[in-house]
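Structural features, examined
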Amino acid sequence: MNMKDKLLQLKDQVLKQLVNTKDVSVLRNLEIKYLGRKGELTKILRSVVDMGDVEKKDIGKLANNIKTEVINKFAEVKNSILTKTVNQSFVDVTLPGKIIDHGHLHPVTQVQNELEDLFISMGFMVLDGPEVESDYYNFEALNMPPYHPARDMQDTFYLDHKNKEKKYDLVMRTHTSNVQVRAMQKYGVPLRCIVPGVVFRSEATDACHDHTFYQLEGLMIDKDISITNLIAVTKKVLNGIFKKEMEIRIRPGYFPFVEPAIEIDIKCTICNGKKCSACKNSGWLELLPAGMVHPNVLKYGGIDSKKYSGFAFGLGLTRLVMMKYGINDIRLFNSGDLRFLKQF
Ligand code: PHE
């Protein structure tokens, strides 16, 4: 094959390979193979020097043209490969970003926080207490000895645990009242505290009953505390939560740890007292059992009942949230159902 044909064949070969090249590193290798210092095209160009004058002119010109063409083609292919990669990884900074889902506080926690603020503004401490509680603090120190029939008012989860006398002595607390005597023992008098928290009952669940729900205990002990202080504090809190003047009704109640015991009801928030199924056609909703702390309980707490008196109440926190928002099934609260939770 003469030099001219060899050159043309080489050119065809390079151009064919270039068309199929999609990768910069492959392109770089081809460049070295043909145009590098020891490249095939470079070699031919170098050999032109040793050629006869006529051949030198012809072949030299052809070789130079082919070299320019090949160099241009290399540049062109390189460009197109680079633009393609840039296009593939292109980021449009003007597109709207991905919206990150924010969680929020549970409706019970939201109302609990509001209540805490209200009570703190009236000088109350916010206390915590154990959810697994001794029989002593949950019942006995609240004037409910083991034989007391009032224990039947609360269906209790007992824990499979026995004390030295081989008696079952631990329960899941049935109310936040378990912290009453604990608070008296720890802080003494004068005492003003609330105890928001979860409580447990062995209930057959339905729209109004759950095994796990929230209460907010209140306790105020000082000299000359009477039931009027209890009513004043209750009204202030209810008005604060419902953001309007609430009508209340007071009935006698019964709990062994308060004497006298009362039940504070609010005008039904669903029918406004006109009687509906939510208020069992009475126009009133039971919300707040309360009373004056029984002298026996003060004694368990180490407080002299001749000098001091106090009130206690057990606000049904879960119940209050149901009334505030018109929620008709208590089981929604612990269901984890986002369709429910996202509404708050
Ligand atoms: N602990 C009582 C209950 O859960 C409520 C209550 C608290 C009543 C304080 C009177 C005083 O049923």
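This structure is a prediction, so every number in the text was calculated from the model and none was measured. (Residues numbered from 1 in each chain as written. Predicted model: local features only at pLDDT ≥ 70, side-chain atom pairs only at ≥ 80, totals over all residues. Heavy atoms only, no water.)

**Some details on the sheet that holds strand 8 (residues 284-293)**
We count it as follows: The pairing criterion is simple: DSSP has to find at least two bridges between the two strands. Numbering goes from the N terminus for both helices and strands, where a helix is a DSSP run of H or I of at least four residues and a strand is a run of E of at least two. We call two residues contacting when some pair of their heavy atoms lies within 4.5 Å. Only the contacting stretch of a helix is used when fitting its axis, a line to C-alpha atoms as for every element, and angles between N-to-C directions run 0 to 180 degrees.
Judged by pairing direction, the sheet is mixed, and its seven strands sit side by side in the order 1-4-5-9-8-7-6 without closing on themselves. Every interior strand has two partners, whereas the edge strands, strand 1 (125-126) and strand 6 (248-252), have only one. Across ten bridges, the pairing between strand 4 (residues 191-200) and strand 5 (residues 212-222) is antiparallel. Paired with Leu191 across the strands is Ile221, a residue of strand 5. In this fold helix 5 (residues 107-121) packs onto strand 1, strand 4, strand 5 and strand 9 (309-316), with an angle of close to 170 degrees to the strand it touches most, strand 4.

**A word on the pattern of salt bridges**
Using the following cut-off: For salt bridges, the criterion is a side-chain nitrogen of Lys or Arg within 4 Å of an Asp or Glu carboxyl oxygen. Whether a residue is buried, partly exposed or exposed follows from its accessible area with a 1.4 Å probe, protein chains only, as a fraction of its type maximum: under 20%, in between, or over 50%, in that order.
Under the definition given, this model contains 13 salt bridges. For Asp101, the salt bridge goes to Lys342, with nearest N and O atoms at 4.0 Å. With Asp101 in the loop between helix 4 (53-88) and helix 5 and Lys342 in the segment after helix 11 (338-341), the pair connects residues that are 241 residues apart, well separated along the chain. An identical accessibility class is assigned to Asp101 and Lys342; each is exposed. Here Lys267 and Glu247 are joined by a salt bridge, their closest N and O atoms 2.9 Å apart. One end of the pair, Lys267, is in strand 7 (residues 258-267); the other, Glu247, is in the loop between helix 8 (227-242) and strand 6, and 20 residues separate them in sequence. Classification of Glu247 as partly exposed rests on a relative accessible area of 47%.

**With respect to the site of the ligand**
Filter applied, for reference: Working definition: residue near molecule or strand if any one of its non-hydrogen atoms lies within 4 Å of it. The method behind every accessible area is Shrake-Rupley, applied with a 1.4 Å probe, and residues are considered shielded solely by the protein chains displayed. Within this scheme a cavity is a closed region of a 1 Å grid, computed over the protein atoms alone, that accommodates a 1.4 Å probe without allowing it to escape, whereas a pocket is open but has protein on both sides within 12 Å along at least five of seven lines; lining residues each have an atom within 4 Å of a point. For this analysis, a molecule is said to be in a pocket or cavity if more than half of its atoms are within 2 Å of the grid points defining it.
Taken together, 15 residues sit near the ligand, with His175, Ser177, Arg201, Gln215 and Gly314 positioned nearest. Burial of the ligand by the protein amounts to 95% of the accessible area it has alone, namely 320 Å². Mapping the ligand onto the cavity grids shows that it belongs to the largest pocket. Tallying contributions element by element places strand 9 first for the shell around the ligand, with three residues.

**Examining the domain arrangement of the protein**
Often the size quoted for an interface is simply the accessible area lost on bringing the parts together. Rules: Here the bounds of each domain stem from an automatic or database domain assignment.
Taken as a whole, the protein is organised into domain 1 (3-88) and domain 2 (107-341). Once you take the C-alpha centre of each, domain 1 and domain 2 turn out to be 91 Å apart.

**Let's talk about the nonpolar core**
What counts is decided by this rule: Nonpolar core, defined: a set of buried Ala, Val, Leu, Ile, Met, Phe, Trp, Tyr and Cys residues in which side-chain atoms within 4.5 Å join the residues together.
Counting 45 residues, the largest nonpolar core has Leu115, Phe119, Phe313 and Leu320 as the members making the most contacts within it. Broken down by element, the residue count for this core peaks at six residues, all from helix 8. Beyond its immediate stretch of four places on either side in the chain, Leu115 contacts Leu216, Val237, Ile241, Leu315, Leu317 and Leu320. Among the nonpolar cores identified, the runner-up in size contains 27 residues, and Leu191, Leu219, Val297 and Ala312 belong to it.

**Digging into the packing of helix 1 (residues 3-19) against helix 2 (residues 24-35)**
Basically, it comes down to this: Reported orientations rely on four angle classes, namely roughly parallel under 35 degrees, roughly antiparallel over 145, roughly perpendicular from 65 to 115, and oblique for the rest. In this classification, Asp, Glu, Lys and Arg are treated as charged, Ala, Val, Leu, Ile, Met, Phe, Trp, Tyr, Cys and Pro as nonpolar, and every other residue, Gly included, as polar.
Orientation of helix 1 relative to helix 2, taken along the N-to-C sense of each, is 170 degrees, at an axis distance of 11 Å. Relative to helix 2, the element helix 1 lies roughly antiparallel. For the pair formed by helix 1 and helix 2, the contact residues are Leu10, Gln13, Val14, Gln17 and Leu18 on the first element and Leu27, Leu30, Lys33 and Tyr34 on the second. Of the residues assigned to the contact of helix 1 with helix 2, the class counts are six nonpolar, two polar and one charged.

**A closer look at the side chain of Thr318**
The test is simple: We define a polar contact as two N or O atoms separated by no more than 3.5 Å, with the added condition that, inside protein, one atom must be a possible hydrogen donor and the other a possible acceptor, whereas residues neighbouring each other in sequence contribute only through side-chain atom pairs.
Tracing the sequence through the fold places Thr318 in helix 10 (residues 317-325). Given the relative accessible area of 4%, Thr318 is considered buried. Within the structure, Thr318 has its side chain in polar contact with the backbone nitrogen of Tyr214 (distance 2.7 Å). For Thr318, the contacting residues outside a window of four places in its chain are Phe213, Tyr214, Ile330 and Phe333.

**Description of unusual backbone geometry**
Going from Val189 to Pro190, the amide bond is cis rather than trans, its omega being -10 degrees. Within the secondary structure layout, Pro190 lies in the loop between helix 7 (178-187) and strand 4. The linkage connecting Glu259 with the following residue, Pro260, adopts the cis geometry, with an omega of 0 degrees. Inspection of the secondary structure puts Pro260 in strand 7. Despite not being glycine, Asn281 has its phi angle at roughly 55 degrees, a positive value. Looking at the element boundaries, Asn281 is found in the loop between strand 7 and strand 8.

**Details of the packing of helix 1 against helix 3 (residues 40-47)**
To keep things clear, this is the line we draw: Rotating anticlockwise by less than a right angle from the far helix to the near helix defines a left-handed crossing, while the corresponding clockwise rotation defines a right-handed one.
One can describe the packing of helix 1 onto helix 3 by two numbers: an axis separation of 11 Å at closest approach and a directional angle of 155 degrees. For the element pair helix 1 / helix 3, the angle class is roughly antiparallel. Judged by the sense of rotation from one axis to the other, the crossing of helix 1 with helix 3 is left-handed. Contacts between helix 1 and helix 3 involve Met3, Leu7 and Leu10 from the former and Glu40, Leu41, Ile44 and Ser47 from the latter.

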